[in-house]
Each structure stands twice: as C-alpha cells, then as structure tokens.
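# An overview of the molecular structure
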Number of protein chains: 6
Amino acid sequence: MADGGKNSIVLRKKEECKWDLVSLGEVMLRLDPGDVRVATARQFNAWEGGGEYNVARGLRRCFGLKTAVVTALADNPVGRLLEDLMLQGGVDQSHVQWVKYDGVGRTTRNGINFTERGFGVRAALGCSDRGNTAVSQLKPGQIDWDEIFGKEGARWLHTGGIFCALSESTAEVAKEAMASARKYGTIISYDLNYRDSLWKSIGGKAKATEVNRDLASYVDVMIGNEEDFTAALGFQIEGAGEDLGELDSMPNLEIFDRVGGGDSFASGLIYGFLSEKGADWAVNCGCAHGALAMTTPGDTTMATIDEVLRTMKGGGARVQR
Amino acid sequence: MADGGKNSIVLRKKEECKWDLVSLGEVMLRLDPGDVRVATARQFNAWEGGGEYNVARGLRRCFGLKTAVVTALADNPVGRLLEDLMLQGGVDQSHVQWVKYDGVGRTTRNGINFTERGFGVRAALGCSDRGNTAVSQLKPGQIDWDEIFGKEGARWLHTGGIFCALSESTAEVAKEAMASARKYGTIISYDLNYRDSLWKSIGGKAKATEVNRDLASYVDVMIGNEEDFTAALGFQIEGAGEDLGELDSMPNLEIFDRVGGGDSFASGLIYGFLSEKGADWAVNCGCAHGALAMTTPGDTTMATIDEVLRTMKGGGARVQR
Amino acid sequence: MADGGKNSIVLRKKEECKWDLVSLGEVMLRLDPGDVRVATARQFNAWEGGGEYNVARGLRRCFGLKTAVVTALADNPVGRLLEDLMLQGGVDQSHVQWVKYDGVGRTTRNGINFTERGFGVRAALGCSDRGNTAVSQLKPGQIDWDEIFGKEGARWLHTGGIFCALSESTAEVAKEAMASARKYGTIISYDLNYRDSLWKSIGGKAKATEVNRDLASYVDVMIGNEEDFTAALGFQIEGAGEDLGELDSMPNLEIFDRVGGGDSFASGLIYGFLSEKGADWAVNCGCAHGALAMTTPGDTTMATIDEVLRTMKGGGARVQR
Amino acid sequence: MADGGKNSIVLRKKEECKWDLVSLGEVMLRLDPGDVRVATARQFNAWEGGGEYNVARGLRRCFGLKTAVVTALADNPVGRLLEDLMLQGGVDQSHVQWVKYDGVGRTTRNGINFTERGFGVRAALGCSDRGNTAVSQLKPGQIDWDEIFGKEGARWLHTGGIFCALSESTAEVAKEAMASARKYGTIISYDLNYRDSLWKSIGGKAKATEVNRDLASYVDVMIGNEEDFTAALGFQIEGAGEDLGELDSMPNLEIFDRVGGGDSFASGLIYGFLSEKGADWAVNCGCAHGALAMTTPGDTTMATIDEVLRTMKGGGARVQR
Amino acid sequence: MADGGKNSIVLRKKEECKWDLVSLGEVMLRLDPGDVRVATARQFNAWEGGGEYNVARGLRRCFGLKTAVVTALADNPVGRLLEDLMLQGGVDQSHVQWVKYDGVGRTTRNGINFTERGFGVRAALGCSDRGNTAVSQLKPGQIDWDEIFGKEGARWLHTGGIFCALSESTAEVAKEAMASARKYGTIISYDLNYRDSLWKSIGGKAKATEVNRDLASYVDVMIGNEEDFTAALGFQIEGAGEDLGELDSMPNLEIFDRVGGGDSFASGLIYGFLSEKGADWAVNCGCAHGALAMTTPGDTTMATIDEVLRTMKGGGARVQR
Amino acid sequence: MADGGKNSIVLRKKEECKWDLVSLGEVMLRLDPGDVRVATARQFNAWEGGGEYNVARGLRRCFGLKTAVVTALADNPVGRLLEDLMLQGGVDQSHVQWVKYDGVGRTTRNGINFTERGFGVRAALGCSDRGNTAVSQLKPGQIDWDEIFGKEGARWLHTGGIFCALSESTAEVAKEAMASARKYGTIISYDLNYRDSLWKSIGGKAKATEVNRDLASYVDVMIGNEEDFTAALGFQIEGAGEDLGELDSMPNLEIFDRVGGGDSFASGLIYGFLSEKGADWAVNCGCAHGALAMTTPGDTTMATIDEVLRTMKGGGARVQR
C-alpha cells in the first residue's frame, strides 16, 4: 500500500454522500469444492466474489458502511444467483447493469471461477472462466458517473487491476470513473492485483504497465504487494517499505481459505482511512481483517468489527459467551 | 423415432468392431441445485451430460456395451472434472480432443449448464452457458474418422441436433462423420432435439431445417418428438405415428428429475436395435429405460439392465433383497 | 379474502412513495429438519419467516416491488443471522429496531421455530419458541409512523393476527400503524391467521375476537380462510364466498413444503391489487404464487414472476431451456 | 396376522415385569444412499435395523414401552456404532452379547445392508452382507432366559423368520427362548418374513417350512403376508382373511421409504394387544403406524403416539402448530 | 481443581449404588454452524450439551460408568430432540422432569445455544438463549433426593456454577441436593464455571461469590481455572498450584472444537477418582480426555477409554488398524 | 525402499506393453465418517482403496500411465459401487473376476473398511471387515498371467504383503504372478505393509516372515518402513538407510487424511523408475506425491503431476490462477 506521495487524505463529508464507497469491478460466481479438488468434486459451494467488489462487501458487512457496486451482469439464473448472493452481501445493486441473455452464452455471459482453498503443501487453485462476460463489454458512456459521484455522492471509489485487464474498454471505463470521482472530491484507491493470465492475450506485462501507469495519476491509495508494484507498474518503489502492509508475514497464521485475504486487507485499510484513524491504524486494521477473513470459507469476510478490534489488540482464542 | 423409411437395420458384426456405439457431441458440466432453485442455491451437485453423450453412457453403464465419445474439451480443472465424471460413466475418452486453456476463457472454454429438476407445477429449468466452447470450434479434418469407423470399427454412430446447432462447423463435422460411418457400414442415429435458443442467433428455424434436412439423408434412425419433427425438419411425417415412442404418455409416471429422460429413451431404443430384438421391443426398452432414468438425479441413467427388463414386464415396486 | 365491503381500492401513486408495501410483524428463525423429524434430526436448515414479513419478501423477490419490514430483534448472532437472511430476502431493514441482548435471553430474545414440512399422511409440524421476543415487547410510540407513511410514503401496509397476538402491546402498535396509514391514504391488509396457541394464555378466542374486530374497521383487505373468519372475528361472513381464494382446493397440487403457502397467496393477491389488475386476476395470481411457493423448502417464495404468469395460464412442466 | 387359533391373549401384569417386550434377532447397520443408487453413491446415511429389533424400537420410541433386545455383536467400531444407534433407539442393551473381534472379520463380524428406498417405478433394493455375523453364531445355552423371563419378567417375546434363517443354531435359540417364555406366561409373536436368499443355501423352502412349523406351536401371534404364510409355513390358512392386516392395500399411500413398514405394522399391532384394545384396534394401529413409518427415511419409526392416534382417526395433513 | 483440603476421598461401594455419578444441571440444544459463522450459516448441526451434564455423558460413553442427569425440560419437539440426543449419550433420564409446553414459549422453554467452534485467530463464539427455561424454574422440594441418593444410591454428585446461576431457586436446589448427597456419603464435585453474562442481572460477581461460598462447604472436589477461583469464590487459593490441572498449557495441542474441553477434563478427573487411581493419575486422565474431546465437533467426548489411556502414555498418531 | 541389491532396473519398452503397471491386490470399500468417529457417525463418505490398487490408481490419475488391477469382487451392488469408483479411478478392470453373490454374504463378499482420518492427538483408526472376500478365495490357475504379461505386456507388476496375508492361496497367486512377470521381463515391486491383525490367525509373524522371504527373491523393488522390514522379513537391513524414503520425517507436514500416504509414496517412486529419472528423483517424487495425497480425503491421490513437480521444487502455497 502506498498513498501516492500525498501527505494526507481529505475525505468528503459523510452526511453529503449516499455512499461511503463505490466499487467498480467484476462479480463472479465462485464454485468451491470444499475439502476436495475441483477436478474430483461432486458438490460445490457457491459464493460470490470479485477483487474490487469484495472491498465494498467487507466495508458493508463487517464495518457497517454504505457501499455500492458498479458492474454488469447477464440476466439469467446465474446472474440472478449473483444478485441473491450480493443481496446477502448487503452491497447496493442499483448501479448494476443487466444485459439480456441469449440463452446459450454466445454474446454475453457471467463470470465463473472454480477455486479450491488449498491445504498445507497443496496451494489454492483457481480456474477462472470469464471470457465474454457482460462486465468485460462495459464501455465508456454507459455509466452515469455524475449521478453516482455528483448527485448521490460517494466518499471513496475503489477499483483495480483485474477490472482494467478484462478488456480495452474496461480500462477506459475505469479512467472515466476516476476522472469523475476526482471532479467531485472522491478519494480513489486501486488494487494492482496483477494477473498474468488476464494480460497475456491483450498485450502482456508491457500493456499492463502502460495501462496501470496511465491510471496511477488518478489514484490516491495504491494497493499491491511488491510483485504487483514491479509487474503492474514496472518499477521498484523506493522508500515505500514503511507503507507496505504485508499480510503474509504475520507469524503463525492458521488459514482456512486464503482466497480473498488481500481484498479483506484492503477493506480494513480503507475503513481505517474512512474513519480517519491514521495510516498505522489503518494498516493494522487491514491486517487483522485480512487474517480473520481467511479463517472462513469463501472470498469474503464473515468477521465482525468487534472481532477485528479484538484481533488488533491481540485478543486470544478463548470461547466468547 | 422413425427408421428413415428402411425396412431393416443391418448391423456390422460385434467381433469386428471395437465400439458398439460412438457418440459425437458436447459434454457439459451440469450444476444441479437439488431441491431449491439455481437463483437461490448455496450448493450444487455436479454431473456431466450432453444429449449425444448421454446415449453412449447409458449403453455403457446400463446395458454393458462398449462406447466412445468424440468431443473436445478445454484443458483446465473444469475439463478435468468432466474427464473424471466421464471416467465414472465408463465411456472411452481416447477420441476426446484436449484444447489448451488460456487461463481466463477468452479463446475457448467448457460448456456448463445450471439445471433444476422442477417439482409439481414448477417446471424444470435450465440455463446453459456454452458460448465459445472447445467443441463448438471443432472443424472438419480434425477427427480421424477412418481410424474410428475403419481401423477400430463401430457398429453405430449417434449424434444429433444439439451438436449440429453449436456452430456452422459442427454441422459440417457431423456430416463428415456420417459420411465416413456410412462408408464403413455403421448405422447412424440422429436425435433432432430442437432448441430454439441455439438456432436463433445462427439463422433460426429456417437454418435448422436446412441443416437437419441435409443431414437426414445419412440417418438410419431419426429420433424426436412431434415438435422436433415439425420444427427441426419442417414437415409433418405421415404414417409415422406407429413408430413413435412417446415417453410422456406413460400413465402415472412419478418423476424425480426429468432432464435427460429422452436420451435414456434413445439409449434403450438403440440397445434394442443393437441386440436385434425388433422395433417394438426396442421402443419398449427405450420407454422403460427412460422412465427409470427419471427416478434418479442427473441427466444420465443409474438403472441396471435387470431393472429395465423387469420394468418392461411391469414389475412392481416391492423391496428387492 | 374479503375487501371489507368497499367497491374499490384507491392506491397512492407509486412515484410519491418510497415503499410499495410495508409489513409489520415478527421475523423468526425457522429451523427445518429436511426429510426427517425435529425430534430425531442432527442437522437443520435455516430460513427466516414470519406471516407478515413473508408477504413483503414475496413482493420484493418474486414481483420486484420495494418493501420494508417493521419489527424488532435482539442484537445477538441469531438476530444477525436473521439480518443476513433478510438481506438475502431483499426486504429493507432500516425500520428494524435492534434491542440490546443480555447474553442469556432473560430480558429479550429472538423468535425461533422448529418446523417440519410433513410428507403424505404425516402432517407438517411446528414448534414455535417465541416467548419474550423483542418484537412482542414493542410498544406504541416506539415507531415513527409519520416518517414511514408520511415522509417516505407507502402504498400498502400489511399486518395480521399473529403479530397482534404476541402481546397486549403489539395489538396497540398495529392499531397505531393502521391509524397512521389511513391518515396518509395507505391501503391496509390484515391476514387473520388465527393460532389458538398464541391466544390461549392471553384471553383466548374471546380476546382474539375483541382485538380483531377492533382492528377490522381499519382494514381494506381482510385475508383468511373460513376457520379464521369464524375463530378470529367471531361471525360468518355472508356473501363473501365469491371473493374467497381457497388454495387447498386446487386439484392435484404436489406440495414440497406447505408452510408459508398462505403468505405467498397473500403476496400474489396484493401484487394483483398493486398492479391494478382487478380482484379476479389478483386471486388467481395469489393461487399461482402460493402453489409455486409450496414447491420449494422454506416459508418463502423462490418463484419468479414469469413462472407465476405461466402457472396462471396453466403452463406445463416441460423443461425450460 | 393370525392369532394362532386362540380366542384371547392373556398378558402378564405390567407391574411384575421389567420388560413390556423383548425382541430376539439380528441388528444390522443399514447404509442408505438417499436419492441415488448404492452402486453410484459417494455418501451413505447410517441407520440401524433388523426385522425383530425394529419392533422393540417402535414400541419404545413411538409407544413409550420398555423393551430390550437379545442379540450378539462383534466388538469393533461398527458394533459400537450399532450400540450408539440403539442407544438413540432407546432399546435396552443389557442382554447384548459382545464378541471379541479378530481385527479383520474372519471369525465373526457385524451385519451390514446397503439398502435403497426406491422411487416410483424403481423398486427399493437391498444388498445384505450378513455372512458369519456374531448373532448367527449364537447357540442354545448362551442366553440366560430364566433371568429375562423369570427374574426380570417380560410380557411379550417377539422374534421371527429372519433370525431363524441365520443358521441352524439360531432357530434352536429361538425355540429355547420360546419355551422359556411360555413357561413364564410371556406372550409370543413371530413374524414369518420369508426371505428366499437366506434359506436357499441352508435347505431352501422345505427347510424353512420345517423350521417354522416346528416353532409355530409356541407362537401366540403369527405375523406375515399371504406369501409368507405360503412360503414359510407351507400351507394356505383358511378363514384367516379377516384377521389379515394388509398394509399395501391402503389407498393412495405416499411412501418415502418403504423399508421396515411391515415391522412398524407389527409394533403398532403389538401395542394394541399390550394395551388390551382388542384385535381390530390393534390392526388399525398397526396400519397407521406402518403408514407413518414409511414417511421418513430409515427402517424404523419416527412417529409419535399422538400422530398414530390422529392417523387412525383419519386426521388430515394441515400444519400442526 | 482442588480437593477442598481433604486428604482423601472415601467412596461408597459400587455394588450398593445404582449410579456411579448423578449430574444436576441444564441440558441445552447446541446449534453449530460448522466451518462458517452463526450469523451467515444456512445449516446447523445439532448436539446436546450442558456443563454439568457433559460430565455424566463422558463418564458413561467414554468410561463405561452408570450415570444419570437431574434436569427439567419443556415437553415439545425441541425437548424430545434433547431426549433423543441424551438417549444417544447413554445418560439415564428417569429423573428428568417434563414440563407441559404452552405452544409458544411464554411460560417455559428449553435452552438453546448457537455456538461456533472458532478457527485460528478467530475465537469460538457462543450465543446462549436460555431465559425462562424449565430447569431455571426448578425449585426445592421438586426432586426426591432421598430416592436418588438413598434408595437408588449414587457414588458421586456433580453440579456447578452454571446451574446455580440460572436463578435464585436453582442454587437452592443445588444446596438441597448436596445436603442429601452428604447425608448418604456421596462425594460431591462442583465446577465453578464462572460466566459473567449469567450473573450480571441477578447480583453480579458479589452474588456469585456469596452463592458459591455458601455451597463450597459441601464440596469435596472443586473444579475451576484460576479465573474461576478468583471470580466465583472471591479469593486467591494459595498453594493450590500443584493440584491444578491446566488444560490450556499442553504443548502443541491441535484443536477442532474447544467447546466442552473443560467438562471432558472433569469427567476424566472424576473417572480417576472413581477408579481410585490417585490424584495425579486422575489429573492426567482429565487432561488426556479433555484433549481428545477437543478433536471432534460438539461439546462432548467421542473418545474411547483405550484412546485416553494411550494418550496418557503419549501414544502417537499412526493409523490404528 | 530397497532395490534388492541390483544396480539397475531394466524396463520393457513402453510401445510393446499395453500396461505400464499391473497391480494385484484387494480393493475395498472405505466408509469414512469425515470429522467425527465411526462409532458416532450418521453419515459416511465412500471411497475405494487397497494398498496395491492405490498404486495403480495413482499412476493412472496423477501420472497419466496405463494401469490395470487384478482382483476379484462379489457381484452385488457393493461390488458394482467398487466398479463405479474404480471407473472414476481410471484403472482398467478387464482383469477383475466377478464372483456370483449368494444374496447374504455367506460364501463370498466384498471387503469393507470403516476408517477415520484422525486429528491431532487422536490417531487415524481403521476397522476392516474383509473376512471371506472374493479376492481372498483367489487361487493359482484362475488368472491367465501369460495373457497379461505375455500377450498384452506390462512394464511393472506391483503387489504386496496385504494381499499375501489374505489367505494361503493369495500368497500362492502372488508367487505365480511374479514368476510369470519375471518370465516376460516385467519389473516387480512389493510393498511389505505388515499388518499384525491379518497374520495373527494364519500363523503370525513367523508365517509372515516365511511367506515374504519366499517371495522376496522375485522382487526387484521392495518397499516398506523399518518396522515392515523387521516384522515382515525378520531381519535388519544393514546399509539400507540411504535407500530409505521416510515420509513421516518430512518437517511440518500438515495432514488432512494420512491413510494411503504410503501407497502414494510408492506410486510416485515407481513413476520415477518408470520414467527413468534415477533413484533419488524417484524417492523425492514419492515423498512429494505422498505428501500431496495426504492433503485430501480418501486413500488415494487427487494431485496432478504438475503439483508433484512443483512440490519437489519446494513450491509455495500461493493461490494458483
């Protein structure tokens, strides 16, 4: 995490904004085989997830803030399942664009990933199936950003490198969103989240660097691990060490499902900034939230704010009753 | 079911053929929400299925014949899950073409359907997500039909109207397969299985009629209900009434999962022909097998040949032990 | 169902109201043992439910209307589970009152019911555990009805005889709500839902009659079966026969879980009135929706509006794909 | 059911007997694949069951009587699972004989059956694996019948044709038990339960007839369907028609799991005799209990006595709450 | 654990006692969300549990002793589920008092707790819902203690600080039980189990100290951790260190479900005393049993005595077969 | 693992062999209670397993080789379930001998084991029930080894000490197989797998030593841990230390289900030899494969060859996507 060289973050007032945070990104159906492997399973648990969306969900369900997601979905039972899961997630869907389904998935579809949580020496494994999704076909001009950042008002916009790698047009949509956010004084965070598989067919690392550098100028809070900064921005950040929250370096962390841990770090971090507790507190909050989120299945948090605060204080594991 | 105006079916000898039947078609992952709806489920059961494949599977697992499937799959964990399910299904996979996966599903993917079994007044409901699948990109020249029908030998080829509606090229592949089959004396069956959603973006009913009529000249056993014959072939078959096996007209049939019932009818029917029991016996066998297949979840049969024979004799439901 | 002697229902305009319908009632956790009995189960499925709430949920998730629930919950993990379930249900919770929990349930708690769905000759069986719930302690003056019916605006208020039997004060709260609703032109429906167990310790049938008759003067649409009208109002309604929708008389209805069928009838009926389709259409819509809701587990609907419309037209059970 | 030509049943007094009924028979582990088939399942539910034991369990859990089982089990985790299941069943195990296990099952083992419940045209199917079980090796002299019928006292002894077909020695044990029961005035019932598979390797129908006829002279209440009387006793019972309770002839009985229905008929019937309600009431009670037992999974009842009484009166299926 | 300053424990003879141990306490239904959180679960596993009862269950199922529970339950399906679970637990229920249920839970109910097992940094979390339970309304004079300790005979009475915090009257019932036990030479153990939430509305820590000190004079074996001794008795026990068994200090203990670990410590400890192995052995037995009990879900043990003995000897984790 | 004093392993050419490996051994149904104990479970997962078979399955599904199993099964639904599981396992079954079932399991049956995976201090626990199995009755002369090793051709034969302990005749069958394998140049491996319970009733350790020593002269690759070498061969192997792969000594190995870990070690090892990578690589491959196999439930591997290679290189546990 780096705060873009700024000394301080100046937030819009809560009372003049409908949203504490708006996320722009893809929401996928995660099919999770539990204790076994995707390739041998006969049963899957269903969760919703998406790098950018998970941040909005965490802020809503763990931290009690008002958040919305901007995305697009194909209007079929899978899309409606995602609606059902997002309703449970509490993230407002009034800015979700529903695209007519052709009945077979030739023109537009919804993203699905089959993701295992791993165990011990066996790494978590994801197979994403997100070609031709509705959200990857989103184009500039389709979202009314003035409505969102102007009329409704939002204190924070979160998006990231996964959304921007979906297609040429999604990076343009992100830029359009950031420009509008900046106009209205909305703080902008961006999670680099570099994924080789997404970039390789649309220009590779070189293109990723070009796209991300172009967007970086709009970003107030840039999130990523060292590899992300190197791969997605193409340079080594000197002196950034002290601002980096490294979730993986926490000692002896017992992990149930590591998928989405970074996103829960981001939502804890942003909660710290939104509640104006300072960067140190925010990073600690991010780490605590990320650690708790990895104790349950699914990409997203099931923790409460009380548990985050107790974990930040090093609270033990005795039975609470 | 109509036998194409022929008076009799002359089969190749079993001892000179490696396969009793080869199916050409798509194999999809079926995700089944059990007692609830796709749009509200949190857990799915996984089955494999495909109109043409189901026939090969039924002949293998219920009737003990040797069958193979010709299809293509993207090589990712979902494809490997389909491999695992087809291994369980016993259908030989040596003619499955594995296509490299791009990591995200932009260039090629595997077909998935989210299908409910329905209950009482609530109809079964399917949402298929099969755009851009590996099998839909199959082209003439990619399969060595001489190997299959010549060197290895096959008594029967089964394909159908779903496979031929996947793309322009799949209809051509079917035609190529049929021509080769005919050359080697292999009997050809074709299940019309008309699906509006598949045809509407590639020429609609007119195109369907054109494609199916073109293929019909190769077909020895044409399978379909009245609607299929009308929609997919564009004409009323006079005098065909007596050859039609109508599964739905069986009285008081208690159904657990109706999906795939027609395919199990087809495999029972083909078993009748392959064992040279005559058309009446074959139709009865198809009806019994279809009825039994609908008493269990999933697209495919879990019945045994003994149960089919007992059902054909009107055997009751007392405990067998 | 009786329309209270009025000739027509005059609705407030949709554009001047935040809510299509507001429900006032208890929301309980339903623990459902699936295929076995409560008394022998080792696993329970969790659903939320409540006679009045179910109507708001059905209008939101099946019919797409905007609805809210007015209720009170104890703030503990069970209450938060109900919040999670209601989020999934899509019913707005901004008017839910959260009451501090004492850690053990002596002063206030959340309602729970252990309810089986029955099978064949074995009736559905419910064990409700709702003593001392937060909602039963709701008192006049605690809800800002002017905010709801005046400032926000609501087209319809739904409450009923279960809520009014929770305690002396809940009947007073209902009366207060109705008076406010009437003041602002909001249509009022009331589902009699007579339950002997609720009334017997607080005055029995005589008290029920007194309470319900007192409230009846505010009611525009009174819902109940013949037994309800007799037991809860204490008289035979002459000439009401033609307005009565009797769900149980539908022929050959295959039922998966009958619990909540009446509530789904009510939401279908109210949808008919809210969309101004006339009483006949509304009753048919109620019957179709009730029938569909009973094909899935849980108290509440999993049907879509398209399925309701198809069922009203007598649509069959063929696979939809 | 036939009462052996006697005009009346004279029971020992309840207060002088520790047991209302003692059953002598095998207790097996039932592994039940739920909605699928044994041969395709990946998960099984575990129940305990045994024709004679089920009667003792039904009398204990549905009708509240004190019952014990006399059987033998191999002392391994499967035997201990049966102990755990029988504890839940409430049947006293102080007369269970525990036999040392050899670690591999060569010398003695516990009976297991893999049994499906069937659906519609597909019959229930059982695969029993009961060779070499501890109970089949039970020999005369190993059980202290004077302790059971004399010192402790029992009003009723139930055993049957399955136990007596396990081995030569089990029939002798049954005879020994009956002789002792008769000595102490204990009523004896015997369920013929003819199973071809059990008899065929130990003498077939001829041997079954010989064994059962020999035992019949001790029996006060003989239970069986027409086929049982013919196959297991070798003659047509004239004039017995009016005493026969035929569970299968009940109209429109919706069945979830038919396995064990006959045993629940027997326990209802015996309850009628033990509570001295007369033969008609007893037969009706048997039918009602059998019908209810078939609405739940497993071999044994999950009904309550209130439900049996309500069913005998033709009580409907409305929600009870 | 402290032995109350006595040098030795003198037990009644086994042959003159019907019960090895009698427990006095509440039995609750535990609803356990498995790997997820109470507040996000859709499925719960059901177990029975209660601090005092768990000790009786452990002695019965792991150590093979004869134990009974004295408690009260409301007679509804939840109570009958507890009966079913306790039957499986093997603890005698002849001294359970069944209280008529009012159908809604206003006058009396059964205790329920929704308890998570925790994982890594996320603590176990319990939400107990035990207000107005049948057992909390138990009053002196309702239990025939002379029957239990005199006529039937019991070697040990176990009760504790949870039961005594349920209401004013339960502490009186405990005192009454202890006085009777002492009269007949029954050893008395008491697990302090201090719970702030139970005491805070009925006098707080001061009242807890008063109640527990009053009872302490009857107690032969007092069980608790340091916090319990401080909070529940109000003083520091000097020199008690060597008698304290501290389960939490065991190195590297891998825990599946920590709930109930202390109760299994207590049952192992009491087993040691009841089998007269000396205090050291007893404490080791308690630790081993507690550790094993925490390797399985639920509040209670699933260990065997052989496993306890092997664990006491430091037996490894190789496959036993 | 010891290579029998030979300096090198000379393999038959792949192109002249139908099978890369043929296993001779028992295949049992494993019933696995998941997180609980066999003796308290109500649900079991079903897997197939067998020490010798698991090696063939691992080579087929993880390493992509062609393998077959030689065994015998009773032809009943349990046998057909094993067929279904082995189909999924991909191991060819054309050499499985199907034996007629007598309906009750007196003459022949299928092996079953109830095996828990253990957790922390609680060891894995197995209860095998394999008396009188079809495979234990296999006799010399029943298998056409010339067909397998001569006509079809096999590069490797694997069998072991479990199969040879099933009965006198199975050791003779193993010897017969080895002699034939040697004749055709097939490499022979043997996993000692000493089990006291199997040997104790047929001659004990002395007999085991005699049988295993007799067979050892045929063995090219002998597999076992130190205890196996001592118990099953009766001597200490000097200087063998450097050839021993000890799976248990791997540091910090997090284990989900340790059952079958040794068999997966063996298949990884054999893969190394079959691909001619040298003994060190083979041992490392065995360790990596064994470690991965223990991260999933069931006796057999769910790993991919890519994961094995990555683990051999010390690949971390980051999400792969």
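Residues numbered from 1 in each chain as written. Chains lettered and ligands numbered in written order. Predicted model: local features only at pLDDT ≥ 70, side-chain atom pairs only at ≥ 80, totals over all residues. Heavy atoms only, no water.

Attention now moves to the overall build of chain A. Secondary structure summary: chain A contains 10 helices and 10 strands in total. Whereas a compact globule of 321 residues would reach a radius of gyration of roughly 20 Å, chain A reaches 19 Å, a difference of no more than 12%. In chain A, buried positions account for 65% of the 321 residues. When contacts within chain A are restricted to residue pairs at least 6 apart in sequence, long-range pairs at least 24 apart make up 75% of them. Carbon and sulfur atoms form 47% of the exposed surface of chain A, whose accessible area is close to 11,100 Å². (Helix = DSSP H or I, 4+ residues; strand = E, 2+ residues; numbered from the N terminus. Rg over C-alpha atoms; globule rule 2.2 N^0.38 Å. Buried < 20%, exposed > 50% of the residue type's maximum accessible area, 1.4 Å probe, protein only. Contact = heavy atoms within 4.5 Å. Areas by Shrake-Rupley, 256 points an atom, 1.4 Å probe, with all protein chains shown as cover.)

Our focus in this paragraph is the packing of helix α1 (residues 51-61) of chain C against helix α8 (residues 261-274) of chain C. All names here are of chain C. Look at α1 against α8: their axes get within 8 Å of each other, and the N-to-C directions meet at 50°. Comparing the axis directions of α1 and α8 gives the class oblique. Considering only the axes of α1 and α8, their crossing is right-handed. Seen from α1, the contacting residues are G51, N54, V55, G58 and L59; seen from α8, they are D263, A266, S267, I270 and Y271. (Axes fitted to C-alpha atoms, helices over the stretch in contact; angles between N-to-C directions. Parallel < 35°, antiparallel > 145°, perpendicular 65-115°, else oblique. Left-handed = near helix turned anticlockwise from the far one by under 90°.)

Residues and elements named next belong to chain B. An order of β5-β4-β1-β8-β9-β10 is seen for the six strands of this open sheet, with the pairing classed as parallel. At either end of the open sheet lies a strand with only one pairing partner, and these are β5 (96-100) and β10 (221-223). Sheet twist, expressed as the average angle between the axes of neighbouring strands with direction ignored, equals 15°. (Pairing = 2+ DSSP bridges.)

Residue and element names in this part refer to chain A. One pass over the structure, following the stated rule, counts zero disulfides over all chains. In this model C285 remains outside any disulfide bridge; the closest cysteine sulfur is found in C62, 7.4 Å from its own. Residue C285 is classed as buried on the basis of its relative accessible area of 0%. (Disulfide = S-S within 2.5 Å.)

Attention now moves to the interface of chain D and chain E. Each partner contributes residues to the interface: chain D has seven residues there, and chain E has seven residues. Of the roughly 700 Å² buried between chain D and chain E on both sides combined, carbon and sulfur atoms contribute 37%. Counting the contacts that link chain D with chain E gives two salt bridges. A salt bridge links R61 of chain D to D84 of chain E; its shortest N-O distance comes to 2.9 Å. (Buried area = accessible area lost by both parts, 1.4 Å probe. Salt bridge = Lys/Arg side-chain N within 4 Å of Asp/Glu carboxyl O.)

This next bit is on the interface of chain A and chain B. If you look at the interface, chain A gives 42 residues, while chain B gives 42 residues. Regarding the contact of chain A and chain B, the summed buried area is about 3,400 Å², with carbon and sulfur atoms giving 53% of it. On the chain A side of the interface with chain B, the three residues burying the most area are R42, V104 and R106 of chain A, jointly 21% of the side's total. Its salt-bridge partner being R42 of chain B, residue D84 of chain A comes within 2.7 Å of it at the nearest N-O pair. At the boundary of chain A with chain B, the tally comes to 27 residue pairs in polar contact (both at pLDDT 80 or more). Listing elements by their share of the side of chain A that touches chain B, those giving two or more residues are β2 (28-32), β3 (43-49), α2 (77-89), β6 (112-116), β7 (125-129) and α5 (196-199) of chain A. At seven residues, α2 of chain A tops the list of elements feeding residues into the side of chain A that touches chain B. Here the side of chain A that touches chain B is composed, by residue class, of 21 nonpolar, 12 polar and nine charged. (Polar contact = N/O pair within 3.5 Å; in protein donor to acceptor, adjacent residues only side chain to side chain. Nonpolar A, V, L, I, M, F, W, Y, C, P; charged D, E, K, R; others polar.)

Attention now moves to helix α4 (residues 168-183) of chain E. The α-helix winds at 3.6 residues per turn, so residues separated by three or four positions along the chain end up facing the same way. Residue and element names in this part refer to chain E. Its 16 residues place the ends of α4 23 Å apart at the C-alpha level, agreeing with the 22 Å of an ideal helix rising 1.5 Å per residue. Buried residues of α4: S169, T170, A171, V173, A174, A177, M178, S180 and A181, and no others. As for α4, its buried residues are in contact with β1 (21-24), α3 (145-153), β8 (156-160), β9 (187-191) and α6 (204-216). G185 sits one or two positions beyond α4 and adopts a positive phi of about 80°. (Expected span 1.5 Å × (residues − 1).)

Bringing the confidence of the model for chain A into the picture now. Residues and elements named next belong to chain A. Overall, the prediction assigns chain A a mean pLDDT of 92, with 91% of residues at 70 or greater. Low pLDDT (under 50) marks residues 240-249, which in the prediction has 17 contacts with non-local residues, meaning those over four places away or in another chain. Per the prediction output, this complex has pTM 0.95; the corresponding ipTM is 0.94. (pLDDT = per-residue confidence, 0-100.)

Laying chain A over chain B is done by rotating through 180° and shifting 0.0 Å along the axis; what remains is an RMSD of 0.0 Å. Taken together, the rotation and translation relating the two chain copies correspond to the operation of a two-fold axis. No C-alpha of chain A lies nearer the rotation axis than that of F44 of chain A, which sits 2.6 Å from it. When the interface residues of chain A are mapped onto chain B, 100% of them again fall at the interface, so both copies present the same face. (Least-squares fit on C-alpha atoms with pLDDT ≥ 70 in both.)

Under the defined criterion, the tally for this structure stands at 126 salt bridges over all chains. Between R130 of chain C and E26 of chain C there is a salt bridge whose closest N-O contact spans 3.0 Å. Note that R130 of chain C is positioned in the loop between β7 (125-129) and α3 (145-153) and E26 of chain C in the loop between β1 (21-24) and β2 (28-32), a separation of 104 residues in sequence. The class for E26 of chain C is buried, based on a relative accessible area of 2%. When the shortest N-O distance is used, the salt bridge between R30 of chain F and D299 of chain F registers 2.8 Å. Residue R30 of chain F is found in strand β2 (residues 28-32), and its partner D299 of chain F is found in the loop between α9 (279-293) and α10 (305-312); the two are separated by 269 residues along the sequence. Take R30 of chain F and D299 of chain F: they sit in the same class, and that class is buried. Within this structure, R37, E116 and R122 of chain A together with E307 of chain F form a network of salt bridges that share partners.

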